Amino acid sequence: VATAPHLRDLKPLTLLVAVVRGIGQVDFMASPWTGLVFIVALAAGNWRYAVYGVLGSAVATLTAYAFGAARDRVELGLEGFSGTLIGVAFVLYFGMSWMTTLLVVAGCVAGSVVTSALVTLLKPFNLPTFTAPFCIITSVMLLAAPSFERVRQGVTGPALPSAATGRTALTWNDIWQGMFNGIGQVFFQNKWYVGLVFLVGLVVGSWIAAVAAVVASLVGMAVAWVLGAPAADIAAGLYGYNAVLVGMALAGIFVVLTPVGGVYAVVGAIAATGLTAALTTFFTPFGGHTLTWPFVLVTWTFLAAVPALAWLRRAG
Amino acid sequence: VATAPHLRDLKPLTLLVAVVRGIGQVDFMASPWTGLVFIVALAAGNWRYAVYGVLGSAVATLTAYAFGAARDRVELGLEGFSGTLIGVAFVLYFGMSWMTTLLVVAGCVAGSVVTSALVTLLKPFNLPTFTAPFCIITSVMLLAAPSFERVRQGVTGPALPSAATGRTALTWNDIWQGMFNGIGQVFFQNKWYVGLVFLVGLVVGSWIAAVAAVVASLVGMAVAWVLGAPAADIAAGLYGYNAVLVGMALAGIFVVLTPVGGVYAVVGAIAATGLTAALTTFFTPFGGHTLTWPFVLVTWTFLAAVPALAWLRRAG
Amino acid sequence: VATAPHLRDLKPLTLLVAVVRGIGQVDFMASPWTGLVFIVALAAGNWRYAVYGVLGSAVATLTAYAFGAARDRVELGLEGFSGTLIGVAFVLYFGMSWMTTLLVVAGCVAGSVVTSALVTLLKPFNLPTFTAPFCIITSVMLLAAPSFERVRQGVTGPALPSAATGRTALTWNDIWQGMFNGIGQVFFQNKWYVGLVFLVGLVVGSWIAAVAAVVASLVGMAVAWVLGAPAADIAAGLYGYNAVLVGMALAGIFVVLTPVGGVYAVVGAIAATGLTAALTTFFTPFGGHTLTWPFVLVTWTFLAAVPALAWLRRAG
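The notes below deal with the structure included here. These figures come from a predicted structure and were not determined experimentally.

**Observations regarding the overall build of chain A**
- Within chain A one finds 15 helices and 0 strands.
- In summary, chain A has a C-alpha radius of gyration of 18 Å against a globular reference of 20 Å for 316 residues, a match within 12%.
- Out of the 316 residues belonging to chain A, those deemed buried represent 62%.
- In chain A, of all internal contacts separated by at least 6 residues, the share reaching a separation of at least 24 is 75%.
- With the model as given, the accessible surface of chain A reaches about 11000 Å², and the carbon-plus-sulfur share is 71%.
- Treating the 13 positive side-chain charges of chain A as one cloud and the 8 negative ones as another, the clouds have centres 3 Å apart.

What follows is the structure in structure tokens.
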């Protein structure tokens with residue numbers, strides 16, 4: 001922590017790059033070019049998502065600077081990405097308003113503290129925070145909203161509704177759109193062309209991650225189809241986005257990509273799909289927002305297991 | 001652990017002081033004088049709270065002695081304070097009866113084991129147990145009560161009802177009474193003059209902690225007011241008591257009180273207020289008892305983050 | 001982990017013994033003879049339990065081999081026992097079908113990863129995994145089931161229904177049958193003679209554990225009776241099975257059996273009974289399957305406390 005930058009050392013350009021990287025780090029990409037493509041993707045969904053996503057990354061990154069987080073973490077965008085998702089989620093769930101802007105700022109400040117707490121708590125196990133700070137802050141705010149008149153006024157219906165019934169047979173359109181939506185839903189986006197732009201951003205950052213994302217999205221859809229999930233949910237990417245994140249994380253980024261490692265990543269994507277259904281049921285009494293909890297929990301579990309399994313090795 | 005006292009080494013006066021300190025340690029005060037003033041405050045609410053609070057501290061402290069907990073922890077009252085709150089909460093929720101007395105004894109014995117478990121589990125992260133043992137035992141007992149005919153007979157309505165609707169504008173009376181109630185609700189007390197006596201006890205123990213408690217109580221109320229919480233809940237201290245505990249813990253007791261540290265404590269008090277609303281929603285299906293869970297979770301998080309943040313330092 | 005066996009080193013007989021041991025390790029018994037008697041007990045309940053229990057142990061053990069888990073853990077059956085319970089639970093809850101068989105295989109593969117993750121995460125605290133992997137996988141699958149048409153088709157009612165009302169006075173038949181059922185319910189069995197066969201298996205493995213199981217089953221029943229639980233639940237062993245596991249774990253297997261240690265085990269059995277009622281309430285909105293969560297949580301807590309308590313010592 002001796003490397004923490006003083007506020008007076010803030011170089012505007014470095015900070016700007018860190019904020020943009022904070023968009024790409026949602027998908028583990030440190031490249032600012034990926035971050036820029038992701039901003040385009042968010043704007044293709046709705047310009048509000050782009051604005052609040054950048055705001056969130058900026059507030060979280062600045063808070064980390066102000067309290068003295070490690071310089072390399074700040075510059076790589078690792079202090080910003082949970083803020084990105086907080087910004088996007090809050091404007092989606094609470095509508096665009098001054099109150100929402102205030103909540104995003106407060107949420108990103110608190111999320112920054114949660115990030116530092118998890119960095120300390122997870123260090124003995126060599127586990128990254130992943131999007132846990134985003135999940136914690138957003139779950140807390142969604143649970144708190146009904147108590148506060150000026151917050152619940154803006155609350156829209158659940159963004160990720162589940163039919164729970166309906167046809168289970170998949171059409172060709174369900175499949176190819178669902179594959180892209182699985183990539184877009186990481187950022188709460190459910191239009192196939194938005195997912196396509198995100199995929200372009202992934203290709204810019206890492207070919208392997210892009211392939212892993214496509215394969216994992218299809219694995220998640222296949223599992224959901226075999227078990228009999230409603231086709232509408234599968235086509236919306238709801239059973240894919242956690243598998244996408246788990247697949248990328250386990251296939252090369254945090255686990256060395258060997259044949260056994262590849263099998264391990266597929267098992268992880270399958271587990272994430274099951275856990276997505278389970279957590280959707282669990283969160284139903286509280287509004288039903290699963291967020292990326294399944295990704296966080298499955299990837300922590302699968303990375304924690306690696307030291308006990310001789311045929312797997314941690315990467316990165 | 002070589003310092004654990006044998007049962008035959010029990011000196012009655014040392015034990016008595018430890019039990020009284022166990023009342024004050026609910027608010028981090030080791031001074032037995034603070035403990036005595038707190039007993040007066042409880043009695044000002046209702047003599048039953050004083051009796052069961054002392055009983056709880058005594059049973060928990062004796063259990064820790066009997067199983068061989070560290071002598072310094074026992075003598076400082078650190079093994080007693082969760083028992084204090086268990087005693088007060090049980091007589092409040094289950095009514096005064098022989099069954100309640102039995103439950104308090106059993107709960108404090110189990111709570112003492114939970115305390116020792118947390119001491120071990122939290123040691124690598126240098127985190128105190130706070131009131132987590134009380135929260136765990138009381139949540140478990142409240143959840144268990146419906147299954148047991150002889151327990152649920154005495155169950156009263158929720159002690160901390162929330163209007164959830166109603167006027168949100170604060171009167172002057174709401175504000176000054178709410179400030180004191182935020183201090184009293186740490187012990188489930190909702191009369192302003194009881195909160196005042198607790199504040200006197202804090203002043204006896206530490207001026208800084210007393211100031212922090214007042215400021216944090218007001219911060220919690222302000223946050224709840226801005227977000228639009230019902231005035232009745234704010235005036236009852238329901239949005240203040242977790243902020244009070246977080247504020248005292250972060251302002252000088254566990255974090256060095258610097259300008260950045262002061263900002264950090266305010267952020268913590270704000271976070272505790274949001275989490276209070278969230279956990280109230282979360283516990284609603286199970287009877288809606290938030291207890292001091294928000295304080296425990298926020299303070300653990302904010303203390304765990306300190307080693308990763310260069311401009312903050314742990315105290316004590 | 002240098003001792004992880006290569007797949008080509010698989011000796012069929014060693015593997016077979018490991019799978020059988022995986023049945024007995026549900027009750028901490030490494031003896032393959034205990035495992036064999038337990039298979040007989042399961043078959044006495046219903047041949048399907050025996051088949052799926054062995055299948056689960058085999059899949060979990062093979063997965064651990066394939067990913068390279070430590071050889072001694074595999075050979076002792078420590079990688080199999082959660083799979084045993086997953087197999088029994090899934091055929092009980094989802095009925096016998098190809099889909100259930102698929103779910104058991106997938107669940108045991110995932111459970112094997114969870115086991116390795118917990119081995120790593122719990123190592124700093126010297127805590128065993130206990131049946132946590134089984135509890136996690138089965139809770140997730142039960143929560144996920146409603147989302148999947150082809151899974152929920154087979155779902156039967158809750159296996160452990162609670163009357164919650166009804167007479168609370170115990171008959172002599174309630175008592176002696178309940179004592180055996182407390183031992184059988186560890187494997188979801190609620191016929192007294194099945195519990196008796198399990199007790200025989202315990203005697204084969206360890207006299208002390210068998211005595212502890214009987215005493216703990218009676219302690220659990222006594223606590224539930226004092227608090228006023230329905231006699232039907234007590235007689236079905238629902239308040240005994242977690243106490244049985246806690247009692248065996250704390251009385252000699254993981255804590256040295258001294259007079260203080262014996263008291264500690266009884267306190268643990270009492271705590272497990274209370275937590276059983278609490279978790280039953282907690283899980284009610286989600287289908288109400290308590291599984292062996294109370295045993296896992298109480299035993300982790302009581303073992304974690306041992307290093308902080310001078311008059312207790314860890315065994316094994």
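**Digging into the interface of chain B and chain A**
- Every contact between the two is made by 32 residues of chain B and, on the other side, 32 residues of chain A.
- Interface area for chain B against chain A, summed over the two sides, is near 2800 Å², with a carbon-plus-sulfur share of 74%.
- Three residues, B:Phe125, B:Leu227 and B:Trp311, lead the burial of chain B against chain A; their summed loss comes to 24% of the area buried on that side.
- There are 0 salt bridges connecting chain B and chain A.
- Where chain B packs against chain A, one counts 9 residue pairs in polar contact (both at pLDDT 80 or more).
- For the side of chain B that touches chain A, the secondary-structure elements that each account for two or more residues are helix 11 (207-227), helix 14 (259-283) and helix 15 (293-305) of chain B.
- Here the side of chain B that touches chain A takes 10 residues from helix 14 of chain B, the largest share from any one element.
- Tallied by class, the residues present in the side of chain B that touches chain A amount to 26 nonpolar, 6 polar and no charged.

**Quick look at the packing of aromatic side chains**
Residues and elements named next belong to chain A.
- Across all of its chains, the model carries 56 aromatic pairs over all chains by this definition.
- Ring plane angle 80° and centroid distance 6.0 Å describe the contact between Phe134 and Phe188, whose orientation is recorded as edge-to-face. Here Phe134, found in helix 7 (residues 132-144), pairs with Phe188, found in the loop between helix 9 (172-184) and helix 10 (192-205); they are 54 residues apart in sequence, far enough to count as distant.
- Classification of Phe134 as buried rests on a relative accessible area of 1%.
- Residue classification places Phe188 among the buried residues on the basis of a relative accessible area of 8%.
- A connected cluster of aromatic rings, assembled from ring pairs, spans Phe28, Phe130, Phe254 and Phe295.

**Details of the environment of A:Gly95**
- By the secondary structure assignment, A:Gly95 is in the loop between helix 5 (81-94) and helix 6 (98-122).
- Note on A:Gly95: relative accessible area 19%, which makes it buried.

**As for the relation of the copies chain B and chain A**
- Here chain B sits on chain A after a turn of 120° about the axis and a move of 0.0 Å along it, with an RMSD of 0.0 Å. Expressed as an axis order, the relation between the two copies is that of a three-fold axis. In terms of C-alpha distance to the rotation axis, chain B has B:Pro285 as its closest residue, with the C-alpha 4.8 Å off the axis.
- Mapped onto chain A, only 3% of the interface residues of chain B are again interface residues, and the two copies thus contact each other with different surfaces.

**Considering helix 5 (residues 81-94) of chain C**
- Along its 14 residues, helix 5 of chain C runs 20 Å from first to last C-alpha, staying within 8% of the 20 Å computed at 1.5 Å per residue.
- Phi for C:Gly95, located one or two positions after helix 5 of chain C, is positive at around 75°.

**Considerations on the environment of B:Val266**
All names here are of chain B.
- Its location among the elements puts Val266 in helix 14.
- What makes Val266 partly exposed here is its relative accessible area of 36%.
- Separated by 188 residues in the primary sequence, Val266 and Leu78 have C-alpha atoms spaced 26 Å apart.

**So, the relation of the copies chain A and chain C**
- With an axial shift of 0.0 Å and an RMSD of 0.0 Å, the rotation relating chain A to chain C amounts to 120°.
- The residues that chain A uses at the interface reappear at the interface of chain C in only 3% of cases, marking distinct surfaces.

**Some thoughts on the packing of helix 5 of chain A against helix 7 of chain A**
Residues and elements named next belong to chain A.
- Closest axis-to-axis distance for the helix 5/helix 7 pair is 9 Å, and the angle between their directions is 25°. Considered as vectors, helix 5 and helix 7 are oriented roughly parallel to each other. Both helix 5 and helix 7 take part in a crossing whose hand is right-handed. Residues Ser82, Leu85, Ile86, Ala89, Phe90, Tyr93 and Phe94 of helix 5 pack against Pro133, Phe134, Ile137, Thr138, Met141 and Leu142 of helix 7.
- A per-class count over the contact of helix 5 with helix 7 returns 11 nonpolar, 2 polar and no charged.

**Observations concerning the interface of chain A and chain C**
- With 32 residues of chain A at the interface, the matching set in chain C holds 32 residues.
- When chain A packs against chain C, the two sides together hide about 2800 Å² of surface, and 74% of this comes from carbon and sulfur.
- On the chain A side of the interface with chain C, the three residues burying the most area are A:Phe125, A:Leu227 and A:Trp311, jointly 24% of the side's total.
- For the interface between chain A and chain C, the tally reads 0 salt bridges.
- At the boundary of chain A and chain C, one finds 9 residue pairs in polar contact (both at pLDDT 80 or more).
- Of all the secondary structure elements, the ones that give two or more residues to the side of chain A that touches chain C are helix 11 (207-227), helix 14 (259-283) and helix 15 (293-305) of chain A.
- Residues belonging to the side of chain A that touches chain C are distributed by class as follows: 26 nonpolar, 6 polar and no charged.

**Brief notes about the side chain of A:Ser217**
- Along the chain, A:Ser217 turns up in helix 11.
- Ignoring any residue separated from it by four or fewer positions in sequence, one finds A:Ser217 in contact with A:Gly178, A:Met179, A:Gly182, A:Ile183, A:Gly240 and A:Val244.

**Things to note about the pattern of salt bridges**
- Scanning the model with the defined rule gives 9 salt bridges over all chains in all.
- Ionic pairing is found between A:Glu79 and A:Arg73, a salt bridge with its closest N-O pair at 3.0 Å. Here the two residues A:Glu79 and A:Arg73 agree in accessibility, since each one is buried.
- Residue B:Glu75 pairs with B:Arg71 through a salt bridge whose shortest N-O separation is 3.6 Å. With a gap of 4 residues between them, B:Glu75 and B:Arg71 both fall in helix 4 (residues 71-75), about one helical turn apart.
- Accessibility expressed as a relative area gives 26% for B:Glu75, which makes it partly exposed.

**Focus on unusual backbone geometry**
All names here are of chain B.
- For Asn126, which is not a glycine, the phi torsion comes out positive at approximately 55°.
- By secondary structure assignment, the location of Asn126 is in the loop between helix 6 (98-122) and helix 7 (132-144).
- Asn126 gets classed as partly exposed once you look at its relative accessible area, which sits at 49%.
- Non-glycine residue Leu291 carries a positive phi angle of around 50°.
- For Leu291, the position within the fold is in the loop between helix 14 and helix 15.

**So, the packing of helix 13 (residues 241-253) of chain A against helix 14 of chain A**
Residues and elements named next belong to chain A.
- Between helix 13 and helix 14, whose axes approach to 8 Å, the crossing angle comes to 155°. Considered as vectors, helix 13 and helix 14 are oriented roughly antiparallel to each other. For the element pair helix 13 and helix 14, the recorded crossing hand is right-handed. Taking contact as the criterion, the partners of Asn242, Ala243, Val246, Gly247, Leu250 and Ala251 in helix 13 are, on helix 14, Gly261, Tyr264, Ala265, Gly268, Ala269, Ala272, Thr273 and Thr276.
- Across the contact of helix 13 with helix 14, the residue classes break down as 8 nonpolar, 6 polar and no charged.

**A look at helix 7 (residues 132-144) of chain C**
- Its 13 residues give helix 7 of chain C an end-to-end C-alpha distance of 18 Å, which sits within 8% of 18 Å, the value for a rise of 1.5 Å per residue.
- Looking at helix 7 of chain C, one finds that the buried residues are C:Ala132, C:Pro133, C:Phe134, C:Cys135, C:Ile137, C:Thr138, C:Ser139, C:Met141, C:Leu142, C:Leu143 and C:Ala144.

**Some thoughts on the side chain of A:Thr290**
Residue and element names in this part refer to chain A.
- Its location among the elements puts Thr290 in the loop between helix 14 and helix 15.
- Relative accessible area serves as the criterion here: at 5%, Thr290 is assigned to the buried category.
- At 2.9 Å, the side chain of Thr290 and the side chain of Thr280 are in polar contact.

**Here's the deal with the environment of C:Phe67**
- Relative to the elements of secondary structure, C:Phe67 occurs in helix 3 (residues 47-67).
- Along the chain, C:Phe67 and C:Asn46 lie 21 residues apart, while their C-alpha atoms are 33 Å from each other.

About the thresholds
- The residue numbering used here restarts from 1 in each chain and proceeds along that chain's sequence as written.
- Lettering for chains starts from A, numbering for ligands starts from 1, and both go in the order in which the items are written.
- Confidence filtering applies because this is a predicted model: local features only for residues at pLDDT of at least 70, side-chain atom pairs given and counted only at 80 or more, and all residues used for totals across whole chains, interfaces and linings.
- The basis for every side-chain value is the complete set of non-hydrogen atoms in the structure, without hydrogens or water.
- Put simply, DSSP H or I for four residues or longer makes a helix, DSSP E for two residues or longer makes a strand, and each gets a number counted from the N terminus.
- Note that the radius of gyration is over C-alpha atoms, with the globule rule given as 2.2 Å times the number of residues to the power 0.38.
- Three labels apply to residues, based on accessible area from a 1.4 Å probe with only protein chains included: buried if under 20% of the type maximum, exposed if over 50%, partly exposed otherwise in between.
- Any two residues whose heavy atoms approach within 4.5 Å at even a single point are treated as in contact.
- For the area figures, the Shrake-Rupley method with a 1.4 Å probe applies, and any residue is considered shielded solely by the protein chains shown.
- Under the convention used here, Asp and Glu are negative, Lys and Arg are positive, and both His and the chain ends fall outside the count.
- Think of each charge as sitting on NZ of Lys, CZ of Arg, CG of Asp or CD of Glu.
- Defined in terms of a 1.4 Å probe, buried area is the accessible area two parts forfeit on being brought together, summed over both.
- One speaks of a salt bridge when a side-chain nitrogen belonging to Lys or Arg is within 4 Å of a carboxyl oxygen belonging to Asp or Glu.
- In the analysis that follows, any N or O atom pair within 3.5 Å is treated as a polar contact, provided that within protein one partner can donate a hydrogen and the other can accept it, and provided that, for residues neighboring in sequence, both atoms belong to side chains.
- Note on residue classes: Ala, Val, Leu, Ile, Met, Phe, Trp, Tyr, Cys and Pro are nonpolar, Asp, Glu, Lys and Arg are charged, and everything else, Gly too, is polar.
- Aromatic pairing here means that ring centres of Phe, Tyr or Trp (its six-membered ring) are within 6.5 Å. Orientation follows from the plane angle: under 30 degrees is stacked, over 60 is edge-to-face, and everything else is tilted.
- Copies are brought into register by a least-squares superposition over C-alpha atoms of residues with pLDDT of at least 70 in both.
- Multiply 1.5 Å by the residue count of a helix minus one, and that product is the helix's expected span.
- Note on method: axes are straight lines fitted to C-alpha atoms, helices fitted across the in-contact stretch only, with angles between N-to-C directions ranging 0 to 180 degrees.
- Roughly parallel covers angles under 35 degrees, roughly antiparallel covers those over 145, roughly perpendicular covers 65 to 115, and oblique covers all other angles.
- Less than a right angle of anticlockwise turn of the near helix away from the far helix marks a crossing as left-handed, whereas a clockwise turn marks it as right-handed.

Taken by themselves, the reported measurements are silent on function.
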